[in-house]
Each structure stands twice: as structure tokens, then as C-alpha cells.
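Geometric and topological summary
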Amino acid sequence: MKISLVAWILVGVAISAVTGIVAAKDEVKLAAKDLLPPGSVSRTDGLAAWKRIEAVVTHPRCANCHVDAKAIPIWTPAGETKPRVHGMNIHGGESRIGTEAVPCSTCHMTSTQANEPAPSPPRAGIDWQLAPVAFIWFGKSGKEICAQIKDPKRNGGRDAAGLVEHLRHDASLNGFIPRGWAPGEGRSTPPGTFEDHVKDMARWAAAGQPCPN
Amino acid sequence: MIELTVNGSKQAVDVVPEMPLLWVLRDELGLTSTKYGCGVAQCGACTVHIDGKAVRSCQAHIGEVAGKSVVTLEGLANKEQHPVVQAWIEHQVPQCGYCQVGQIMQAISLLAKISRPTDEQIDQVMSGNLCRCGTYPRIRAAIHAAAARKMAEK
């Protein structure tokens, strides 16, 4: 009996692993469709793509949770442009998900349901969290962010194609990135659309990830 | 029908998945200890436990809570009074009382994580639970008392 139970568990684990691999491969396939041949985009067009990417990643919807090791998220209330620290004395902690005190998920639901109008806290298909410390965007210049995003030591070990895959993977989980353009009524959105952003990341990649001087 | 466990009992509710858990608790199940304060997770009055974690029930849609275990203040009642509730009574914490159920549920969650919290840790965890009567010093004292009691009982 015990042996058959163990066997079923092993089968379950194997199926889960295979399913995971298939899902990951699907995302790679999807991202492969987005990618352009290296060198097929000029440096000038690549820099133009970067300027559009920069406008996205410095927008409050995207930058406010890319904060430093103090782990204090930023708020830009609906109808305002001035950033301020997150209310309620919230700290993401070393965990970056608030485990040490108040988890982000106390208020930000993990869900595939649509966001509610501001000021209800946005939800996402992934547990709400701060980006890793190395990925600081808030308060950084476009030039600094560009250098960080293309540096595998500070971007989660991703090459140019990996960054595009990251966008598709996040979208497959109903994650934070596409929800930046659907944050709930009343909140501003980054310029363009999620699909525009994926295309720009692919153009920037094909141009060799040029950064402004 | 959406099924969940509330205070140890299986429940099935026939409502839209977007309905806030708070509505379900109060209007469908008649559990009115949990209070509506702001409706946007900025006051903490509606705090309950979902699978053991403090969550603002005004934000959790019932469709997101399907299959999970919810505990409200009513679920704390058994033969013996919960040590946190006991401390709340001993320190006469409430003034108007409206926010206090949320405060208690958040405090229980804090003590489950940090058995002897410092003042700073209490402030950090309880800052999302507002009290318009300003009972914060008594809340802090009651949390320390509950922590000491729980340690003594071990």
C-alpha cells in the first residue's frame, strides 16, 4: 500500500514537473515570436525604443514598488503626480513581501479578477511584492535604469531575450506588468499598451540594448 | 454556489464571485462582528483571518476565498476566552468599539508571528488598523499583556 502511494506521489510530481516544463516552453515559444533578429534594428531606432521603455518603467505604476533596501513602497494617489511613502507604516522587509510585519497580501489580493477603482488596492495573479533590491527604478534616471536592466547581475540573470520572456511569463500569470495598464479606474497608466512595451523591448534587444549617453 | 469554511463550519453561498467576503459574512451568514469601515483597505475594521493570515475582508472577493478557511471574532469563542480578548477586557481597550474587532484579529495575527513583540513591532503591524477614539496606548498595553499571558501558559 505504502509503495503504491509513493508511486502515485512520484507520478504526480513527474506530471507537475512536465506541466511546468511545458508551460515554460510555451512562454519561450511566445516570446520567440516577439523577438527580432539581432542587428535588424538600428541603434537610432533602438534608442527610440528605449526612450519609450524608459517612459514606462519610470511611470509610478511601474517604479513605485521597485524601491531600495529600506523596502518602503511608494504611493502616487489617483489624481496626483507627487509620490509619497505608502500609508500604514508599510515595509516590505527583507522578504520584500512584508512577511516580517504586515504582508502585502493583507490588502493586495492574489487574484485573476479585475482591479477595482482607486483607492482600492490593486490585485495581481502573483502574490503582491516589491521587486528585488537590485532592480531599483524609483528615483533613478533613465540612464541608470537602462544600465541595470541590461546587466544580468542586476536583472535576475536575464539576457535580452530573457527580458522579453519575463514579460510574457508575467502576463501568463496575470502578473504585475500587464496590470500596469489596467490598474483600476482613476489611476493613471504608463504610455502605450503592454503589447507596445513587449514590441519595444524586442526592438531594443535587436538593436543590442543601447543606452543613452 | 461558492463553498468555504467559516469558523470551522462548511458554508455554501449563492452569490456573485466579486462579492466582498465582508458582505458574505455580514449579510449572508449573519456574522456581524466584522465591521465595514472604509471599504478600501485603509482602516482595518474588517480584518478577519483567511487560512490563518490577517486579511481585509472588504478586499477579498468571495470567489477568491473559495475552499479557504475564514475565522472571525465569533470563531474565537469557545469554553475559554481567547487570551487576546481577555487582555482587551482587562485593559478596557474599547471606547466606541467599532474598530476593535479588526484590532483584535490583527493583534492575534501579530502574536502568532511574534510571541513577545516590542512597541516598535506592535506599531508596525497595527498601523493599518485605525482607531478614531485613539485607544492606541491601551491596544499596545493589551497586546503586551496577552503576550505575557501566552508565555506564562507555555
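Residues numbered from 1 in each chain as written. Chains lettered and ligands numbered in written order. Predicted model: local features only at pLDDT ≥ 70, side-chain atom pairs only at ≥ 80, totals over all residues. Heavy atoms only, no water.

What follows deals with the pairing of strand β2 (residues 9-13) of chain B. Pairing analysis gives 5 bridges linking strand β1 (residues 2-6) of chain B to β2 of chain B, with the strands arranged antiparallel. From the neighbouring strand, Ile 2 of chain B faces β2 of chain B, where its bridge partner is Val 13 of chain B. (Pairing = 2+ DSSP bridges. Helix = DSSP H or I, 4+ residues; strand = E, 2+ residues; numbered from the N terminus.)

What follows concerns the interface of chain A and chain B. With 21 residues of chain A in contact, the opposing surface of chain B contributes 22 residues. Both faces considered, chain A and chain B share a buried interface measuring about 1,700 Å² in area, 50% of it formed by carbon and sulfur atoms. Three residues, Met 88, Thr 106 and Gln 113 of chain A, lead the burial of chain A against chain B; their summed loss comes to 30% of the area buried on that side. The interface formed by chain A and chain B holds 1 salt bridge in total. (Contact = heavy atoms within 4.5 Å. Buried area = accessible area lost by both parts, 1.4 Å probe. Salt bridge = Lys/Arg side-chain N within 4 Å of Asp/Glu carboxyl O.)

With that settled, consider the nonpolar core. The biggest cluster of nonpolar side chains holds 26 residues, and the ones touching the most others in it are Val 84, Trp 88, Ile 104 and Ile 143 of chain B. When contributions to this core are tallied by element, the ones reaching two or more residues are α3 (83-90), α4 (100-113), α5 (119-126) and α6 (136-153) of chain B. It is α4 of chain B that contributes the most residues to this core, 7 residues altogether. Once residues lying within four places of it in the same chain are set aside, the contact partners of Ile 104 of chain B are Leu 73, Leu 76, Val 84, Val 85 and Trp 88 of chain B. With 22 residues, the next largest nonpolar core counts Ala 49, Val 56, Trp 137 and Leu 167 of chain A among its residues. (Core = buried A, V, L, I, M, F, W, Y, C linked by side-chain atoms within 4.5 Å. Buried < 20%, exposed > 50% of the residue type's maximum accessible area, 1.4 Å probe, protein only.)

Turning to the domain arrangement of chain B, a few remarks are in order. All names here are of chain B. For chain B, the assigned domains are domain 1 (2-76) and domain 2 (83-153). Put simply, the middle of domain 1 and the middle of domain 2, counted by C-alpha atoms, are 21 Å apart. The partner domain 2 presents 12 residues to the 17 residues of domain 1 that form the contact. For the interface between domain 1 and domain 2, the tally reads 0 salt bridges. For the side of domain 1 that touches domain 2, the secondary-structure elements that each account for two or more residues are β3 (47-50) and β4 (53-56). Classifying every residue of the side of domain 1 that touches domain 2 by side-chain character gives 7 nonpolar, 8 polar and 2 charged. (Domains from an automatic or database assignment. Nonpolar A, V, L, I, M, F, W, Y, C, P; charged D, E, K, R; others polar.)

Right, let's talk about the sheet that holds β2 of chain B for a bit. All names here are of chain B. Read across the open sheet, the 5 strands follow the order β2-β1-β5-β3-β4; overall the sheet is mixed. Both edges of this open sheet fall to β2 and β4, since each of them pairs with a single strand only. Geometrically, the sheet is characterised by an average inter-axis angle of 40° between neighbouring strands, direction not taken into account. Note: β1 against strand β5 (residues 69-71), 2 bridges, orientation parallel. Bridging across to β5, Thr 5 finds its partner in Ser 69. Helix-sheet contacts for helix α1 (residues 21-28) involve β1, β2, β3 and β5, and the interaxial angle to β3 is about 100°. In the packing of α4 onto the sheet, contacts are made with β3, β4 and β5, and the angle to β3 comes to roughly 40°. (Axes fitted to C-alpha atoms, helices over the stretch in contact; angles between N-to-C directions.)

Attention shifts here to the pattern of salt bridges. Counted under the stated rule, the structure contains 11 salt bridges over all chains. Where Arg 123 of chain A meets Glu 64 of chain B, a salt bridge forms, and the shortest distance between an N and an O atom there is 2.8 Å. Separated into two different chains, Arg 123 of chain A in the loop between β2 (84-85) and α4 (142-149) and Glu 64 of chain B in helix α2 (residues 62-65) make up a pair that spans both. The pair Arg 123 of chain A / Glu 64 of chain B is uniform in exposure class, with both members buried. Where Glu 90 of chain B meets Arg 149 of chain B, a salt bridge forms, and the shortest distance between an N and an O atom there is 2.6 Å. One end of the pair, Glu 90 of chain B, is in helix α3; the other, Arg 149 of chain B, is in helix α6, with 59 residues separating them in the sequence.

Evaluated as defined, the whole model comprises 4 aromatic pairs over all chains. Between Trp 128 of chain A and Phe 176 of chain A, the ring centres sit 5.2 Å apart and the planes meet at 90°, which makes this aromatic pair edge-to-face. Separated by 48 residues along the polypeptide, Trp 128 of chain A in the loop between β2 and α4 and Phe 176 of chain A in helix α6 (residues 176-179) bring together distant segments of the chain. Between the aromatic rings of Trp 23 of chain B and Tyr 36 of chain B, the centroid separation amounts to 5.6 Å while the plane-to-plane angle is 75°, which identifies the pairing as edge-to-face. With Trp 23 of chain B in helix α1 and Tyr 36 of chain B in the loop between α1 and β3, this pair connects stretches of sequence that are 13 residues apart. Owing to a relative accessible area of 34%, Trp 23 of chain B belongs among the partly exposed residues under this scheme. (Phe/Tyr/Trp six-rings, centres within 6.5 Å; stacked < 30°, edge-to-face > 60°.)

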